[in-house]
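# Close look at the chain arrangement
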Amino acid sequence: MRTLIAIALFAAAWSGTALAHGAAKDELSASWTFDPWILTPLLSIAGFYAAGSLVLSRRRKRRRASWRALAFWSGWVSLAIALVSPLHWLGEHLFTFHMIEHEILMAVSAPLIVVARPVGVMLWALPRRTRRQAGALLRSPPVRATWSALASGGTATLLHGIAIWVWHAPILFDAAVENVTLHRLQHVSFFATAVLFWWAVLWRSPTGQTAWHVIVTMFHTSVLGALMALAPRVLYGVQTATAADWGLTPLEDQQLAGIIMWVPAGTIYAGAALTLLALWIRRSSEKARQVDALNAV
């Protein structure tokens, strides 16, 4: 997972102008986005994972795909849909679709890839010596300490919340729509902090605690969505500037975007929180039965 974030940050650091985000704004029909700064990390991650999976399947003599592989490819496909498909083009013209794109990154792609835990598989795509060096680096005390600090439940929830609220400040959001580098940084911020958040939720913290982290995230994102949906005036002038071309007023476009963050995205977080609470209750009941059984002996 650390490797995924590093790759994403490296790709976003470049700000070439060819086929850049936003370059297709003057086109009249929805199109795919063949931006090399998006395609390169996407295809690299897919290539490393596929190659690593092939090596492992040969070593284990097992051809059937695991549930983690299914989770990874589902997450990867959802990333491609958000960043490359016509949804990305539509997001440049309507705030509503831009919000759908962001919610896919944070609430669909990130948790699926976190569930898959793909770094171990991807390392098997490397030559033996390089793989061992990479593994040693990832296990080194500075890297482990940094990751542990960032991926703790409270820190990850806070960082993810800050990224969401800061980038949805109208002045920054509109600036990101017009500036390629800022837009890439925005997407990387959303995805990277979502990876941290879901990693802390699914792999790091006790189940009962993680449910509250998800509930907190559901609450503050719902508040932000409600603020956008119920605002009496347009807050995002640049993002909603072309809404009239699609039969919507700028305010209606903003309201729809806010509702998407408020309701569908909130439903995903609510479902995750309820699932975690159910697991916590189940595990607590099992521990209680074990204690009762030991006391009865």
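Preceding block: the structure.
Structure report, in brief. (Residues numbered from 1 in each chain as written. Predicted model: local features only at pLDDT ≥ 70, side-chain atom pairs only at ≥ 80, totals over all residues. Heavy atoms only, no water.)

### Brief notes about the overall build of the protein chain
Summing up its helical and strand segments, the protein chain has 14 helices and zero strands in all. Expressed as a percentage of its 297 residues, the buried residues of the protein chain come to 45%. Taking all contacts inside the protein chain whose residues are at least 6 apart in sequence as the whole, residues at least 24 apart take part in 79%. In the structure as shown, the protein chain presents an accessible area of about 15,200 Å², 68% of it carried by carbon and sulfur atoms. (Helix = DSSP H or I, 4+ residues; strand = E, 2+ residues; numbered from the N terminus. Buried < 20%, exposed > 50% of the residue type's maximum accessible area, 1.4 Å probe, protein only. Contact = heavy atoms within 4.5 Å. Areas by Shrake-Rupley, 256 points an atom, 1.4 Å probe, with all protein chains shown as cover.)

### Section: a positive patch on the surface
On the surface, Arg59, Arg60, Arg128 and Arg132 cluster together into a patch of positive charge. For Arg60, the location among the structural elements is in helix H2 (residues 36-60). Overall, Arg60 belongs to the exposed group, its relative accessible area being 52%. (Patch = residues over 30% accessible without salt bridge, like charges linked within 9 Å, V, L, I, M, F, W, Y side chains within 5 Å. Salt bridge = Lys/Arg side-chain N within 4 Å of Asp/Glu carboxyl O. Lys, Arg positive; Asp, Glu negative; His and termini not counted. Charge placed at Lys NZ, Arg CZ, Asp CG, Glu CD.)

### Topic: the packing of helix H12 (residues 207-230) against helix H13 (residues 250-262)
H13 packs onto H12 with a crossing angle of 160° between their chain directions and a minimal axis gap of 7 Å. Between H12 and H13, the interaxial angle falls into the category roughly antiparallel. The two elements H12 and H13 cross, and the hand of that crossing is left-handed. The residues of H13 that touch H12, namely those facing Thr221, Ser222, Leu224, Gly225, Ala226, Met228, Ala229 and Leu230, are Gln254, Gln255, Gly258, Ile259, Met261 and Trp262. Residue classes in the contact of H12 with H13 are distributed as eight nonpolar, six polar and no charged. (Axes fitted to C-alpha atoms, helices over the stretch in contact; angles between N-to-C directions. Parallel < 35°, antiparallel > 145°, perpendicular 65-115°, else oblique. Left-handed = near helix turned anticlockwise from the far one by under 90°. Nonpolar A, V, L, I, M, F, W, Y, C, P; charged D, E, K, R; others polar.)

### Details of the nonpolar core
Membership of the largest hydrophobic core comes to 58 residues, with the highest contact counts inside it found for Trp198 and Val214. When residues no more than four places from it in sequence are discounted, the contact partners of Val214 are Phe197, Val201, Tyr269, Ala272, Ala273 and Leu276. (Core = buried A, V, L, I, M, F, W, Y, C linked by side-chain atoms within 4.5 Å.)

### Details of helix H11 (residues 180-204)
Its 25 residues give H11 an end-to-end C-alpha distance of 34 Å, which sits within 8% of 36 Å, the value for a rise of 1.5 Å per residue. When you tally the buried positions in H11, you get 18 out of 25 residues, the bulk of the element. In this structure Asn179 caps H11, since a side-chain oxygen of it lies 3.1 Å from the backbone nitrogen of Thr181. (Expected span 1.5 Å × (residues − 1). Polar contact = N/O pair within 3.5 Å; in protein donor to acceptor, adjacent residues only side chain to side chain.)

### Focus on the packing of H2 against helix H3 (residues 67-83)
Their axes nearest at 11 Å, the elements H2 and H3 cross at an angle of 165°. Classified by the angle their axes make, H2 and H3 are roughly antiparallel. Both H2 and H3 take part in a crossing whose hand is left-handed. On H3, the residues touching Ile38, Leu42, Leu43, Ile45, Ala46, Tyr49 and Ala50 of H2 are Arg68, Ala69, Phe72, Trp73, Trp76, Leu79, Ala80 and Leu83. Within the contact of H2 with H3, the residues separate by chemical class into 14 nonpolar, no polar and one charged.

### Overview of the packing of aromatic side chains
For the structure on display, the rule yields twelve aromatic pairs. Considering the side-chain rings of Phe72 and Trp73, the 5.0 Å spacing of their centres and the 80° angle between planes classify their relative orientation as edge-to-face. Considering the side-chain rings of Phe95 and Phe173, the 5.1 Å spacing of their centres and the 55° angle between planes classify their relative orientation as tilted. With Phe95 in helix H5 (residues 95-116) and Phe173 in helix H10 (residues 170-178), this residue pair connects regions lying 78 residues apart in the sequence. (Phe/Tyr/Trp six-rings, centres within 6.5 Å; stacked < 30°, edge-to-face > 60°.)

### Description of unusual backbone geometry
With phi around 45°, Arg117 is a residue other than glycine that occupies positive phi space. Following the sequence through the fold, Arg117 ends up in the loop between H5 and helix H6 (119-123).

### A look at the environment of Ser189
By secondary structure assignment, the location of Ser189 is in helix H11. Its relative accessible area of 18% is what places Ser189 among the buried residues. Considering only alpha carbons, one finds Ser189 and Ile164, 25 residues apart in sequence, at a separation of 8.5 Å. In contact with Ser189, not counting residues within four places along its chain, are Ala163 and Trp167.

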